[in-house]
Every structure is written in structure tokens, then in C-alpha cells.
Amino acid sequence: QRRNSPPAEHEGRRPAGRVMMGADGDGLLLDRYRVDKFLGEGGLGTVYSAFDTRLKRRVAIKTLKQSLAADVDLYRQMKERFVREAEINGNLEHPGIVPVYGLGIYPDGRPYYAMRFVQGETLQVALDRFHAQAYKLDASEWSIGLRSLLRRFIAICAAVDSAHRRRV
């Protein structure tokens, strides 16, 4: 069955656009991906958790925001930028850069791409937690916590450096 009208962009924490329902009705099925949970958004796209029904693995799906479609010229530019982002990321290989598995198109014409699902907290969450607890840590615990954050930051810098060496 097809949905007759697209749901609101975040209604029920599911992606906008026309998608196929899974045969079992459990989650939205976009090509081979069963989309099941809203994860977050940025200026250009929205990210969802999904299950790859062919390879039996959890993935993240990033899609171009539907709200950008209100301005046709802006939407065309953002769509080109989004597809280019997927192509660039798909050609970067580094342990600190999330690999892209594939690029697709929603039935309404919006692009999406699938990438490795990465679990864990963001650097911002780790920083906030460290700052919230820093006042009650002794010098040794504070030093260990700071070094852990610095290792994460250095790993991010190495990933950015790798992309820069590829002229990204």
C-alpha cells in the first residue's frame, strides 16, 4: 500500500515524503530500508535510524529537509549540494569518517543516503558531562577526563586532516 499524502516532516518521528509500508506494517520501508526513528537534524538534512532489510543491519538515513522545497531555486541548489555531499563522503575512507553505503531518491524526488549507524554520545554531550562533573573531580580524575576528551578531539582533527588531504 502507498500512503496517499506525505506525513508532516517529524510527525511520529518518521521521514516526510511518500514511502512504502512494509508488508508487516512494522515501520516505513524506503527501498530496502525500514525507517524507524528520528535521530536529529541540521541545516540541510534530517537523520533517521533504519534497518537495511537486505543486509540485515542497522543504518542511518540522511535525507534532504522537505521544508526546503518551499523555495524552488533554493531547493534545487540544496538538492545538488546534498547529492554532492553524499558523493564526497562516499569517497572518503578514514576510521573517523562515517562511510556512505548508498544514495537513493524518495518517490517525491528528494535524495537520501544511507550510512553506517554510529552509536554513542556526541562530543558536545561528553564536554557538557565533563564540565558538569568537573567541580567534584579530584585532580587525577579531572586529568583522566580531560585526556579522554583530548583523544577524541585529536581523532576528529585526524579525520578532518584526512579529508583536507583529499581536497575536501
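Quick notes on the rules
- Residues numbered from 1 in each chain as written.
- Predicted model: local features only at pLDDT ≥ 70, side-chain atom pairs only at ≥ 80, totals over all residues.
- Heavy atoms only, no water.
- Helix = DSSP H or I, 4+ residues; strand = E, 2+ residues; numbered from the N terminus.
- Phe/Tyr/Trp six-rings, centres within 6.5 Å; stacked < 30°, edge-to-face > 60°.
- Buried < 20%, exposed > 50% of the residue type's maximum accessible area, 1.4 Å probe, protein only.
- Pairing = 2+ DSSP bridges.
- Expected span 1.5 Å × (residues − 1).
- Arc of directions from axis to C-beta.
- Polar contact = N/O pair within 3.5 Å; in protein donor to acceptor, adjacent residues only side chain to side chain.

Quick notes on the environment of proline 95
Next, step 1: By the element assignment, proline 95 lies in the loop between α1 (72-90) and β6 (100-105).
Next, step 2: Distance from proline 95 to serine 162, taken between C-alpha atoms, is 10.0 Å for residues 67 residues apart in sequence.

With respect to the packing of aromatic side chains
Next, step 1: Counted according to the given criterion, the structure contains 5 aromatic pairs.
Next, step 2: For the ring pair phenylalanine 82 and tyrosine 113, a centre distance of 5.3 Å and an interplane angle of 45° mean the geometry is tilted. Taken as a pair, phenylalanine 82 in helix α1 and tyrosine 113 in strand β7 (residues 111-116) lie far apart in primary sequence, 31 residues in all. Per residue, the accessibility class of phenylalanine 82 equals that of tyrosine 113, and both read buried.

Focus: the pairing of β7
Next, step 1: Of all 6 residues in β7, 5 are buried; the element is thus mostly enclosed.
Next, step 2: Judged from the 5 bridges that link them, strand β5 (residues 57-64) and β7 form a sheet pairing that is antiparallel. Opposite lysine 62, over in β7, you have tyrosine 113 as the bridge partner.
Next, step 3: For β6 and β7, the ladder comprises 5 bridges, and the chain directions are antiparallel. Residue isoleucine 105 lies in a different strand from β7, and its bridge partner there is proline 111.
Next, step 4: Between the end of β6 and the start of β7, which pair antiparallel, lie 5 residues, with glycine 109 showing a positive phi angle near 95°.

Quick look at α1
Next, step 1: A rise of 1.5 Å per residue sets the reference length of α1, with its 19 residues, at 27 Å; its end C-alpha atoms lie 27 Å apart and thus fit the reference within 8%.
Next, step 2: Of all the residues in α1, the buried ones are Tyr75, Met78, Phe82 and Ala86. Summarising the axial view, the buried residues of α1 lie within an arc of 80°, below the 170-degree limit, and thus occupy one face. Exposed side chains of α1 directed beyond 90 degrees from the buried face belong to Glu80 and Arg81.
Next, step 3: Where α1 begins, the side chain of aspartate 71 points an oxygen toward the backbone nitrogen of aspartate 73, at a separation of 3.2 Å.

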